Amino acid sequence: MELYASSITDLQKRLHSREVSAVEAATSVLDRIAQVEETINAYITLDRDQTLTQAEAADRQLADHSGGALCGIPIAVKDVLCTEGMRTTCGSKILNSFIPPYDATVVEKLKTAGAVIIGKASMDEFAMGSANENCAYGTPKNPWATNHICGGSSGGSAAAVAADECIASLGSDTGGSIRQPASHCGVVGLKPTYGRVSRFGLVAFASSLDQVGPLTKNVSDCAIMMNAICGHDPRDSTSLKQEVPDFTTALKNDLKGMTIGIPEEYFAEGLDPEVEKAVRNGITTLEEAGAKTISVSLPHTKYGVAAYYLIAPAEASSNLARFDGVRYGLRDTSADTLQEMYCKSRSQGFGDEVKRRIIIGTYALSSGYYDAYYKKASQVRTLIIEDYKNAFGQCDLLASPVTPTPAWALGAKSDDPLSAYLSDALTIPNNLAGLPGMSVPCGFSAAGLPIGLQLQGPHLAEEKLLRAAFNLEQRLGLSERKPNLT
Ligand code: GLN
């Protein structure tokens, strides 16, 4: 097997035994990128020299046994996370030349663990989208079918893992942006409990929903990444003061004593039959591993999309006010007045979807409309939280589809934002409640497109999620399957 195709677990062993060097691993991944990136377009920014310099440093640490758990592992980072000295665009023209003076806490943590940051993965502009087609730097393609979307907004992070253009990656999830592309690209993606991973240095989209998490080739790798990135951060006021367990110890080989709820609302009209079949087969597999399954109801699920598409744009309209042409990135120099400069810089710098969200959000928060829209949406949010509380009174986890359909063809929903919004129906409620959620591969459509199974748990139930995901993966044996990209 080529080095670039390794999981973290494999590569870690070979690096620590000095069978291969970190420079060899990084070179293998860089060569793979050179081979497939023209087709996949998973990255916005790559820096071969910086990558090799980091790999050389990792080799020195491996030689004197001072390296951390990720020492020498090439990792891609979604371009919404600040990286010191490396351009951070958020997929937007407005940040075309922004080079952060500091690292996001998660990036700092990866570096402390010895990871080699290989580049900045593509994304929908400011993480707004479900197809990665709202990116000022082109659209990444699904490695399993390159005329299909890879999902969004962390599309580059998912495609890079699936195409072996990195060993693992980081994404962010505000309404499904880790789980949905993971599902579409056939990789593992985990959105942690809100507050479990620091948001310091994550460029904010909707601050009450955003969370950073890993995308990996298998469940063990996901646990290793969680060990590296979780933990309290005094620089993020919403960060939880919570011990970080060793998540790898959760990967036990049965599900005895676990009750898994099957939410009936997630199998509603509009669910693609191939998705339903693969997910139901996954659920049977969880039962074979020893889990008991019961049917549960989350009656307010159907209001999630409407509430989210008010709350998220409202928060975004406020967060994105900082991109004014004064402090960061693009500035129009032809304007005569300050007001005109703001207006022209933002008009040129933001893409259509971002403008749409700013307009919706500003409207929803404006005086006279606040009660009718934002306040109502917040009340719906409370009802969704109550639904989950009731469900988790009866079961440990929930199992369901991640998305109603497999990945759609490129361009199929570009002119119809509402239909893209509706495709988020099964991932959004989780963010509104701040819960951990995960996508694990559970099958393929007849056309060869991957299908994920979603696991959700109560706050801080990541270990249970990982355990269930691990059992599914072991029994289905899908993690060795790779797209054919030659
Ligand atoms: N697709 C959703 C949106 O467009 C979710 C995005 C995300 O999780 N960042 O807002």
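Here the structure is a predicted model, which is why all the values come from computation and not from measurement.

Participant: What is the right way to read the pattern of salt bridges from this model?
Facilitator: When their charged atoms lie close together, side chains carrying opposite charge are able to pair. Under the counting rule described, the total for this entry stands at 20 salt bridges. Across the salt bridge formed by Asp164 and Lys217, the nearest N and O atoms sit 2.7 Å from each other. With Asp164 in the loop between helix H5 (155-162) and strand E6 (168-173) and Lys217 in the loop between strand E8 (211-216) and helix H7 (219-229), this residue pair connects regions lying 53 residues apart in the sequence. Neither Asp164 nor Lys217 differs from the other in exposure class; each is buried. Between Asp236 and Arg199 there is a salt bridge whose closest N-O contact spans 3.7 Å. One end of the pair, Asp236, is in the loop between H7 and strand E9 (259-263); the other, Arg199, is in the loop between strand E7 (188-191) and E8, and 37 residues separate them in sequence. On the basis of relative accessible area, Asp236 is assigned to the buried category, the value being 6%. Relative accessible area serves as the criterion here: at 15%, Arg199 is assigned to the buried category. Members of the salt-bridge network, linked through shared partners, are Glu108, Asp233 and Arg235.

Participant: Teacher, can you tell me more about helix H3 (residues 48-63) here?
Facilitator: Residue pairs spaced three or four apart in an α-helix point in one direction, given the helix's 3.6 residues per turn. If you check H3, its first and last C-alpha atoms are 23 Å apart, about what 16 residues at 1.5 Å a residue would give, namely 22 Å. Listed in full, the buried residues belonging to H3 are Thr51, Leu52, Gln54, Ala55, Ala58, Asp59 and Leu62. Projected down its long axis, H3 shows its buried positions confined to an angular sector of 160°, all on one face. In H3, the exposed residues that point more than 90 degrees away from the buried face are Asp49 and Arg60.

Participant: How should the sheet that holds E9 be read in this particular structure?
Facilitator: By definition, the strands of a sheet pair up through backbone hydrogen bonds, in either a parallel or an antiparallel sense. The strand order across the open sheet formed by 11 strands is E1-E3-E2-E6-E8-E7-E12-E13-E11-E9-E10, and the pairing between neighbours is mixed. Either end of the sheet is taken by a strand with one partner, and the two such strands are strand E1 (43-46) and strand E10 (292-296). When the angles between neighbouring strand axes are averaged without regard to direction, this sheet yields 30°. For E6 and E8, the ladder comprises 6 bridges, and the chain directions are antiparallel. The residue of E8 that forms the bridge with Asp173 is Gln211. Each of strand E2 (74-78), strand E3 (116-121), E6 and E8 touches helix H4 (residues 105-112); the most contacted strand, E2, lies at about 180° to it.

Participant: Help me out: how do you make sense of the packing of aromatic side chains in this one?
Facilitator: Aromatic rings in a pair are described by how distant their centres are and how their planes are angled relative to each other. On inspection of all chains with the given rule, the structure shows 13 aromatic pairs. An angle of 80° between the planes, with centres 4.7 Å apart, marks the rings of Tyr308 and Tyr309 as edge-to-face. Owing to a relative accessible area of 11%, Tyr309 belongs among the buried residues under this scheme. When the ring of Tyr369 is compared with that of Tyr373, the centres are 6.2 Å apart and the planes differ by 25°; the resulting orientation is stacked. For Tyr369, a relative accessible area of 35% puts it in the partly exposed group. Sitting over the ring of Phe267, Arg280 keeps its end group 4.1 Å from the ring centre.

Participant: What should I look at first to understand the site of the ligand in this one?
Facilitator: By nearness alone, 15 residues border the ligand, and Thr174, Gly175, Ser177, Tyr308 and Arg357 come closest of all. Ala127 places a main-chain nitrogen or oxygen 2.8 Å from a nitrogen atom of the ligand. Separating a nitrogen atom of the ligand from a side-chain N or O atom of Ser153 is a distance of 3.3 Å. Here the ligand loses 99% of its free accessible area of 290 Å² to cover by the protein chains.

Participant: Sorry if this is basic, but what is going on with the pairing of E9 here?
Facilitator: Working note: regular strand, side chains alternate between the two faces of the sheet. A large share of E9 lies buried, amounting to 5 of its 5 residues. With burial as the criterion, each face of E9 is covered, one bearing Thr259, Gly261 and Pro263 and the other bearing Ile260 and Ile262. With 5 bridges joining them, E9 and E10 adopt parallel strand pairing. The partner of Pro263 across the bridge, within E10, is Val296. In the classification by handedness, the crossover that spans E9, the intervening helix H8 (residues 273-288) and the parallel E10 is right-handed. Taken together, the 2 bridges between E9 and strand E11 (residues 397-401) define a ladder with parallel strand orientation. By the bridge assignment for E11, Ile260 is matched with Leu397.

Participant: Even after reading the chapter, I still don't get the nonpolar core, so can you show me in this structure?
Facilitator: Looking at soluble globular proteins, one finds that nonpolar side chains tend to be buried together. Membership of the largest hydrophobic core comes to 145 residues, with the highest contact counts inside it found for Leu70, Leu81, Leu110, Phe126, Met438 and Leu455. Counting residues per element, this core draws most heavily on helix H9 (residues 304-319), at 9 residues. Ignoring anything within four residues of it in the chain, the contact list for Leu81 reads Thr88, Ala104, Val106, Val107, Lys120, Leu170, Gly201, Leu202 and Val212.

Participant: So what exactly am I meant to see when it comes to the environment of Ser347 here?
Facilitator: Of note, Ser347 is situated in helix H10 (residues 338-349). The partly exposed category is assigned to Ser347, whose relative accessible area is 37%. On a C-alpha basis, the gap between Ser347 and Ile94 in space is 9.5 Å, while along the polypeptide they are 253 residues apart.

About the cut-offs
- Residues numbered from 1 in each chain as written.
- Predicted model: local features only at pLDDT ≥ 70, side-chain atom pairs only at ≥ 80, totals over all residues.
- Heavy atoms only, no water.
- Salt bridge = Lys/Arg side-chain N within 4 Å of Asp/Glu carboxyl O.
- Helix = DSSP H or I, 4+ residues; strand = E, 2+ residues; numbered from the N terminus.
- Buried < 20%, exposed > 50% of the residue type's maximum accessible area, 1.4 Å probe, protein only.
- Expected span 1.5 Å × (residues − 1).
- Arc of directions from axis to C-beta.
- Pairing = 2+ DSSP bridges.
- Axes fitted to C-alpha atoms, helices over the stretch in contact; angles between N-to-C directions.
- Contact = heavy atoms within 4.5 Å.
- Phe/Tyr/Trp six-rings, centres within 6.5 Å; stacked < 30°, edge-to-face > 60°.
- Lys NZ or Arg CZ within 6 Å of the ring centre and 35° of its normal.
- Near = heavy atom within 4 Å.
- Polar contact = N/O pair within 3.5 Å; in protein donor to acceptor, adjacent residues only side chain to side chain.
- Areas by Shrake-Rupley, 256 points an atom, 1.4 Å probe, with all protein chains shown as cover.
- Right-handed = clockwise from strand over helix to strand, strands pointing away.
- Core = buried A, V, L, I, M, F, W, Y, C linked by side-chain atoms within 4.5 Å.

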